Amino acid sequence: MPNFQHFAKVHHEELLRLTQELAVIPSPSHHEEKRAEYCLAWLHKNVSKDAYIDDAKNVICILGDPSKPAVLFMAHTDIVFDEDTPLAVTEHDGRLYCPGIGDDTAHVAMILLCAKYASQNPPKNLRFIFAANSCEEGQGNLKGCRALMEKYGKELKEMITFDGYRELLNVKAVGSSRYRIAVDTEGGHSLWNFGNANAISVMAELISALQGIPLPGEDITTFNFGNISGGTTVNSIAQHCELLYEFRSDNAENLDYMKAKFNRIIEKFQEQYRITVTSIGERPCAKDVDPAAQLALIERVEGVLKEITTPNRTSGSTDANLPLSMGIPAICPGFIGGAGLHTTEEYIVKASLAPGLTAALKLVESYF
């Protein structure tokens, strides 16, 4: 039996335990300390005393020859739920339910075990960097991955981030720009000051203008109005209104096009109204990646996944965006089955853990 298969069989129950224990530790973006400390303690006990937590709350373990090019394996510790969300793992019909258990808790457990496996079979011609990284979700704005790229990006041969479900293989980066838009007006009484500018009405006009931007015809380009709030009472002219808005594309030129259109509309409205725009997130697209090197990485990952699934190649917004924007081959596979992403009904298929771990270990061993 190949080493990775034996290791996966021996450590299947440990994977299950790690997943369940990590899943009940609160870990919203920017507040991943408790999960990071758990991962670090486990790595110190099972892998290396040199593992550490950096200033961005990434847990990092480096194995192999420090003079050699590095391959980065990672999975993110943050989940979309706040610290007040009840986290409890329940099992029903072969499924393990818990908010965040599939995105990305089970993969963090796999990363830990992959590091343990690699420490027992150290690479000779490469350096492995294993990271349980922070701030992948939402307004985390890829903070953890940004810190990793800043420190190790120039040394990386390629990067693989474990995230999502096994049916999809993210091979292209969907970039995005996210904004908080605020409108402020004089307001007043709905009767005596009728005719004064209403912040809600102005925002409605602005939304209509943004919605009228013609989308580029090629590749993926989308926009969304995610949240709106403002006003006070039914008989008050609204003085303040806020909107969360984003646009996305897996084509850098399309992203630039959307940004230019957005800026032009905002500038036009600012000529008449007091409008404040705050950037709350930027995710880049791929740039100058060697197509042959990216394809080789895709085929390497598909080669280990083929025994459990045939994933569909797709575009996604993940930690892989950053290395791809730096010209570093990167990919985002999932190794588990599940559903309910970003909902409190999220679950993973319990039976998918063992074959998923086997495939992940086989991927690590493919670099030996």
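Our structure's up above, just so we're on the same page.
Here goes a summary of the coordinates provided. (Residues numbered from 1 in each chain as written. Predicted model: local features only at pLDDT ≥ 70, side-chain atom pairs only at ≥ 80, totals over all residues. Heavy atoms only, no water.)

**Points about the pairing of strand β3 (residues 70-76)**
Next up, step 1: Taken across its seven residues, β3 has seven buried, putting it largely inside the fold.
Next up, step 2: In the sheet, β3 pairs with strand β6 (residues 127-133) via seven bridges, with the strands oriented parallel. Across the sheet, Phe73 pairs through a bridge with Phe130, a residue of β6.
Next up, step 3: For β3 and strand β7 (residues 156-161), the ladder comprises five bridges, and the chain directions are parallel. In the strand pairing of β7, Phe73 is matched with Ile160. (Buried < 20%, exposed > 50% of the residue type's maximum accessible area, 1.4 Å probe, protein only. Helix = DSSP H or I, 4+ residues; strand = E, 2+ residues; numbered from the N terminus. Pairing = 2+ DSSP bridges.)

**Description of the pattern of salt bridges**
Next up, step 1: In the structure shown here, the tally under the stated rule is 17 salt bridges.
Next up, step 2: Of the charged contacts, one joins Arg127 and Glu155 as a salt bridge, the two residues approaching to 2.9 Å between their closest N and O atoms. On the criterion of sequence distance, the pair formed by Arg127 in strand β6 and Glu155 in the loop between α5 (143-152) and β7 is long-range, its members being 28 residues apart.
Next up, step 3: Two residues, Lys157 and Glu158, come together in a salt bridge whose shortest N-O distance is 3.7 Å.
Next up, step 4: What makes Glu158 buried here is its relative accessible area of 5%.
Next up, step 5: Residues joined in a network through salt bridges with shared partners are Glu14, Arg17, Glu21 and Lys116. (Salt bridge = Lys/Arg side-chain N within 4 Å of Asp/Glu carboxyl O.)

**Comments concerning the environment of Ser27**
Next up, step 1: Within the secondary structure layout, Ser27 lies in the loop between α2 (12-23) and α3 (33-46).
Next up, step 2: Residue Ser27 is classed as buried on the basis of its relative accessible area, which comes to 0%.
Next up, step 3: Remark: the alpha-carbon pair of Ser27 and Cys135, spanning 108 residues in sequence, is separated by 9.6 Å.
Next up, step 4: Dropping the residues within four chain positions of it, Ser27 is found in contact with Glu32, Arg35, Thr77, Asp78 and Ile79.
Next up, step 5: At 2.9 Å, the side chain of Ser27 and the backbone oxygen of Thr77 are in polar contact. (Contact = heavy atoms within 4.5 Å. Polar contact = N/O pair within 3.5 Å; in protein donor to acceptor, adjacent residues only side chain to side chain.)

**Topic: the packing of helix α6 (residues 199-211) against helix α7 (residues 252-270)**
Next up, step 1: Across the interface, α6 lies against α7 with an axial gap of 10 Å and an inter-helix angle of 150°. Between α6 and α7, the crossing angle belongs to the class labelled roughly antiparallel. For the element pair α6 and α7, the recorded crossing hand is right-handed. Facing Val202, Glu205, Leu206, Ala209 and Leu210 of α6, the residues of α7 in contact are Phe262, Ile265, Ile266 and Phe269.
Next up, step 2: Along the lines of polarity and charge, the residues of the contact of α6 with α7 split into eight nonpolar, no polar and one charged. (Axes fitted to C-alpha atoms, helices over the stretch in contact; angles between N-to-C directions. Parallel < 35°, antiparallel > 145°, perpendicular 65-115°, else oblique. Left-handed = near helix turned anticlockwise from the far one by under 90°. Nonpolar A, V, L, I, M, F, W, Y, C, P; charged D, E, K, R; others polar.)

**Remarks on the packing of helix α1 (residues 3-10) against helix α10 (residues 353-365)**
Next up, step 1: For the pair α1 and α10, the least separation of the axes is 9 Å and the interaxial angle reads 145°. Along this stretch, α1 crosses α10, giving a crossing that reads as right-handed. In this structure, α1 uses Asn3, Phe4, Gln5, Phe7 and Ala8 to contact α10, whose residues at the interface are Leu357, Thr358, Leu361, Lys362 and Glu365.

**Thoughts on the packing of aromatic side chains**
Next up, step 1: The full count for this structure, using the stated rule, is 19 aromatic pairs.
Next up, step 2: Pairing Phe73 with Phe130 gives two aromatic rings, centres 5.4 Å apart and planes at 15°, and the pair type is stacked. Taken together, the residues span a long stretch of sequence, with Phe73 in strand β3 and Phe130 in strand β6 at a distance of 57 residues.
Next up, step 3: Ring plane angle 25° and centroid distance 6.0 Å describe the contact between Tyr117 and Phe368, whose orientation is recorded as stacked. Here the residue Tyr117 occupies a position in helix α4 (residues 101-120), and Phe368 occupies one in the segment after α10, the gap between them amounting to 251 residues. (Phe/Tyr/Trp six-rings, centres within 6.5 Å; stacked < 30°, edge-to-face > 60°.)

Limitation: the analysis is restricted to geometry and does not speak to function.
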